[in-house]
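Chain by chain, the residues run as shown.
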Amino acid sequence: MGKQPQITANDILRAFAMDFEPGAGVLQRYLAQYPEHSLALIDLSMELTREFDDDAPPGVAELDLVATGMARLRENVVTLQALQASPAKTFADAITVLSLPMQVGLAFRERRIDVATLPQRILARLAEALQTSTETLISYLALLPEASLARARKSAVKPVAPAKVSFERILQDAGVDEQSISKLLREE
Amino acid sequence: MDPIELARQHAQRLHDDAVRRGRDPWSSYEFAVGIANDLGITVETCAPDAAMLDGGRASFDPDC
């Protein structure tokens, strides 16, 4: 069995923003549970408790802040079901953030990669590119592998059922050089 | 007309167009990749026993 993947800072901050109520001890609870993210949690709590002058109209800076926050909330809304329904192109486009070949994106889409072999950092970056959370991506990848029904093959034999393999194997199959593979697999 | 013949005729047209545009049919792999690229199809190589091939020699994903 592989190690349990850690929750990302973004996931913790998102959960804090959802739970936050001034004076309800939410900040204290999160600081106790996630001391490594204390600075970010405190910054976020200060933003959430900012006071505004109701008589004065919001300034440009405040409107920009609201727009940025709303855009962020809209971004990470891809659910597990939505990921399952996503076309191959979604994953092929997302994998470009890691500068990897399209076939690696397809391996993710078809859930051919053993989650336990994926560095947390890679999961986080791909989740962000897919506009979903790391947890959702992990849940998706844990499902059974499934080859694309639309795929056509040149083959002398009947296709074998897809199976999960290591991330390293997918990278080697795709012709990624060993130095790049080492860099990708390194947990930082 | 059966689908195989229709496919053959389409391949013939692609071949003739590519030759007219100066591609070399005697460099068969580059010739085929060039036509694929002209059609907007991305071609990637992989290891002969790559997991993604499921035992095959090549695959085509129309969705990508």
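The present account deals with the structure reproduced in this document.

Thresholds applied
- Residues numbered from 1 in each chain as written.
- Chains lettered and ligands numbered in written order.
- Predicted model: local features only at pLDDT ≥ 70, side-chain atom pairs only at ≥ 80, totals over all residues.
- Heavy atoms only, no water.
- Helix = DSSP H or I, 4+ residues; strand = E, 2+ residues; numbered from the N terminus.
- Buried < 20%, exposed > 50% of the residue type's maximum accessible area, 1.4 Å probe, protein only.
- Contact = heavy atoms within 4.5 Å.
- Areas by Shrake-Rupley, 256 points an atom, 1.4 Å probe, with all protein chains shown as cover.
- Salt bridge = Lys/Arg side-chain N within 4 Å of Asp/Glu carboxyl O.
- Core = buried A, V, L, I, M, F, W, Y, C linked by side-chain atoms within 4.5 Å.

In terms of regular secondary structure, chain A is built from 11 helices and 1 strand. Reading chain A from its N end, one meets helices and strands in the order α-α-α-α-α-α-α-α-α-β-α-α. When each of the 188 residues of chain A is scored for burial, the buried share is 34%. Residue pairs at least 24 apart in sequence account for 65% of intrachain contacts in chain A once pairs closer than 6 positions are excluded. Approximately 11,500 Å² of chain A is accessible, and the part contributed by carbon and sulfur atoms is 56%.

Okay, the pattern of salt bridges next. Scanning the model with the defined rule gives 13 salt bridges over all chains in all. Across the salt bridge formed by Asp11(A) and Arg14(A), the nearest N and O atoms sit 3.0 Å from each other. Of this pair, Asp11(A) and Arg14(A) both sit in helix H1 (residues 9–19), 3 residues apart, which is roughly one turn of that helix. Where Asp93(A) meets Lys89(A), a salt bridge forms, and the shortest distance between an N and an O atom there is 2.8 Å. Remark: Lys89(A) and Asp93(A) occur in helix H6 (residues 88–94); sequence separation between them is 4 residues, near one turn of the helix. With a relative accessible area of 44%, Lys89(A) lands in the partly exposed category. Here the salt bridges share partners, and the residues they tie into one network are Glu110(A), Arg112(A), Arg151(A), Arg153(A), Asp54(B) and Asp61(B).

Moving on, we get to unusual backbone geometry. Positive phi is not limited to glycine here, since Ser99(A) has a value of about 55°. Relative to the assigned elements, Ser99(A) resides in the loop between H6 and helix H7 (102–109). Exposure remark for Ser99(A): the relative accessible area of 66% places this residue in the exposed category. Positive phi outside glycine occurs at Asp54(B), with the angle close to 50°. Checked against the element boundaries, Asp54(B) lands in the loop between helix H2 (28–38) and strand S1 (58–60). The buried category is assigned to Asp54(B), whose relative accessible area is 3%.

Within the secondary structure, Gln103(A) is located in helix H7. With relative accessibility at 10%, the residue Gln103(A) sits in the buried group. Those residues in contact with Gln103(A), other than ones at most four positions away along the chain, are Asp173(A), Ala174(A), Glu44(B), Thr45(B), Cys46(B) and Met52(B).

Looking now at the nonpolar core. Residue and element names in this part refer to chain A. One finds Leu 100, Val 104, Phe 108 and Phe 167 to be the most contacted residues of the largest nonpolar core, which totals 33 residues. Contributing elements (two or more residues each) for this core: H6, H7, helix H8 (120–129), helix H9 (134–141), helix H10 (167–173) and helix H11 (178–185). Apart from residues lying up to four places away in sequence, Val 104 is in contact with Ile 95, Phe 167, Ile 170, Leu 171 and Ala 174. The next biggest cluster of nonpolar side chains, apart from the first, holds 8 residues, and it includes Phe 16, Val 26, Leu 27 and Tyr 30.

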